[in-house]
Amino acid sequence: MSFTCQFIFFGRIDNFLEEKTAPSLIAAFISPNPNIFPPSLIAAFFLYKIPLIVSQITPIAVLLGVLAVFGLMSKNNEITVLKSGGISLHYLLLPVGIIGIILTILLFIFSEVVVPISVVKANRIEDMKSASKMTTSRGKNIWIRGNKTITHITYYNPADQTISGISIAYFNKDFSLTRRIDARSGKYINDNWVFYDCMIQQHLDADQQDHEVLFHDEKICQIDLQPSDLVRVAKESEEMPFVYLYHYIQKVESEGYDASKYRVDFYAKTAFPFICFILSMFGAGLALKNSTKEGMVISFAYGILIVFIYWSFYSFCLSLGYGNVLPPMIAAWIANLIFLCAAGLVIYNLE
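This is a predicted model, so every value here is computed, not measured.

**Examining the overall build of the chain**
And step 1. A tally of regular secondary structure across the chain gives 12 helices and 7 strands.
And step 2. Residues counted as buried form 43% of the 351 residues belonging to the chain.
And step 3. Across the chain, contacts joining residues at least 24 apart in sequence account for 60% of those joining residues at least 6 apart.
And step 4. Counting only carbon and sulfur atoms, one obtains 64% of the accessible surface of the chain, whose full area is about 18700 Å².

Here's what the structure looks like:
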């Protein structure tokens, strides 16, 4: 957990120390400048990230915990004594399986009750770091204020960086409308926004008497907007509980937009907690199979390798789901199914 916290801290702290933020945490605490980002909010941001970190590392803790328990039992020859008394190794898996199921349920409840609240609060703090842009809504119907511009986006799909229903209004220093761009959709390609079915209206003189209207099937437009700005305002799956995410997907798809990313995350909300049960059985099988005094070290090495392989494969499958290569349910559950079969094979060969 400490490594994960350090990774998030050093990966995000620079975001708060840019532009109008403090050059260092020490300066933030001693400077009275109101433009400096308050250190209390920086601390609150990382505190609000803790529930998400806990939910992500819980399966790892379960695996290492099971390996430690059976490793100590093996070191003290307790497993040998139990086997000599006629107790099957499979019998020892019963309490491990029950605990794994309980932890799966608890992790799901924790991820649905605590994590969304903390993620929303953390994202609100992160949104405050940018003074150049202001969003009035997240997810659908996004409004962004830029440099003398107001941008409205009906829907943003973070999976392929596409936007739909774009309307951009340009203003002069007197806040008079000088130009407007409307487009059916847009995609970020080679550091430029390409708009499709685009209509551009603009005034030709300062008196705003003459104007022209241009239509383009495809038009490259230079606008004050980056995908990073949209990532910040896009609705995140972690912000929404299971039921709310389901209704959000139904609403997005009923309006004709692609919700593949959210649908994959919807199935992942049930798939990821289940790994507590799988890893607990996998860990027990490894520890019991290597039930020698030197088996504890070997089991820990195998356990760490298994976690790395699972996390890499699980993330890869989710990426395939985001890209519509795999169906959402398959993308979220295929890693669990494969590792469940592997755990079953290890347990089957215990005796």
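**Looking at the environment of Ile 200**
And step 1. Locating Ile 200 in the fold gives a position in strand E6 (residues 192–203).
And step 2. The class for Ile 200 is buried, based on a relative accessible area of 3%.
And step 3. A sequence separation of 21 residues divides Ile 200 from Arg 179, and the C-alpha atoms of the two residues are 7.5 Å apart.
And step 4. Leaving out residues up to four positions away in the same chain, Ile 200 has contacts with Arg 179, Arg 180, Ile 181, Glu 212, Val 213, Leu 214, His 216 and Lys 219.

**Thoughts on unusual backbone geometry**
And step 1. Of note in the backbone geometry, Asn 190 takes a positive phi value of approximately 50° without being a glycine.
And step 2. A positive phi angle is found at Asn 324, which is not glycine, with a value near 65°.
And step 3. Note that Asn 324 resides in the loop between helix H11 (295–322) and helix H12 (328–348).

**Considerations on the nonpolar core**
And step 1. Counting 49 residues, the largest nonpolar core has Phe 70, Leu 93, Tyr 262, Phe 282, Leu 288, Tyr 310 and Tyr 314 as its most contacted members.
And step 2. Looking at this core, the elements that each hand over two or more residues are helix H3 (39–75), helix H5 (89–113), helix H8 (242–254), helix H9 (260–271), helix H10 (275–289), H11 and H12.
And step 3. For this core, the element with the most residues is H10, which contributes 11 residues.
And step 4. The residues touching Tyr 310, leaving out its near neighbours within four places in the chain, are Phe 272, Ile 275, Ala 335, Asn 336 and Phe 339.
And step 5. Core analysis: the second largest hydrophobic core is formed by 19 residues, Tyr 170, Trp 193, Cys 198 and Ile 200 among them.

**Regarding the packing of H5 against H10**
And step 1. One can describe the packing of H5 onto H10 by two numbers: an axis separation of 7 Å at closest approach and a directional angle of 155°. Of the possible angle classes, the one that applies to H5 and H10 is roughly antiparallel. Here H5 and H10 pass one another in a crossing that is right-handed. Two secondary-structure elements touch here, H5 through Leu 89, Leu 92, Leu 93, Val 96, Gly 97, Gly 100, Ile 101, Leu 103, Thr 104 and Leu 107 and H10 through Cys 276, Phe 277, Ser 280, Met 281, Ala 284 and Leu 288.
And step 2. Taken together, the residues that form the contact of H5 with H10 break down as 12 nonpolar, 4 polar and no charged.

**Section: a nonpolar patch on the surface**
And step 1. There is a patch of nonpolar side chains on the surface, built from Ile 87, Tyr 91, Leu 94, Ile 98, Ile 101, Ile 102, Ile 105, Leu 106, Ile 109, Val 113 and Val 114 and spanning about 1000 Å² of accessible area.
And step 2. The residue Tyr 91 is located in helix H5 in this model.
And step 3. Using a relative accessible area of 57% as the deciding quantity, one classes Tyr 91 as exposed.

**Comments concerning the pattern of salt bridges**
And step 1. Tallying each qualifying case throughout the model produces 5 salt bridges.
And step 2. Salt-bridge contacts for Arg 180 lead to Asp 182; the nearest nitrogen and oxygen are separated by 2.8 Å.
And step 3. Judged by relative accessible area, which is 37%, Arg 180 ranks as partly exposed.
And step 4. With relative accessibility at 16%, the residue Asp 182 sits in the buried group.
And step 5. As a salt-bridge pair, Lys 261 and Asp 265 come within 3.1 Å of each other at their nearest N and O atoms. Note that Lys 261 and Asp 265 are positioned in helix H9 at a spacing of 4 residues, about one turn of the helix.

Definitions and cut-offs
Residues numbered from 1 in each chain as written. Predicted model: local features only at pLDDT ≥ 70, side-chain atom pairs only at ≥ 80, totals over all residues. Heavy atoms only, no water. Helix = DSSP H or I, 4+ residues; strand = E, 2+ residues; numbered from the N terminus. Buried < 20%, exposed > 50% of the residue type's maximum accessible area, 1.4 Å probe, protein only. Contact = heavy atoms within 4.5 Å. Areas by Shrake-Rupley, 256 points an atom, 1.4 Å probe, with all protein chains shown as cover. Core = buried A, V, L, I, M, F, W, Y, C linked by side-chain atoms within 4.5 Å. Axes fitted to C-alpha atoms, helices over the stretch in contact; angles between N-to-C directions. Parallel < 35°, antiparallel > 145°, perpendicular 65-115°, else oblique. Left-handed = near helix turned anticlockwise from the far one by under 90°. Nonpolar A, V, L, I, M, F, W, Y, C, P; charged D, E, K, R; others polar. Patch = residues over 30% accessible without salt bridge, like charges linked within 9 Å, V, L, I, M, F, W, Y side chains within 5 Å. Salt bridge = Lys/Arg side-chain N within 4 Å of Asp/Glu carboxyl O.

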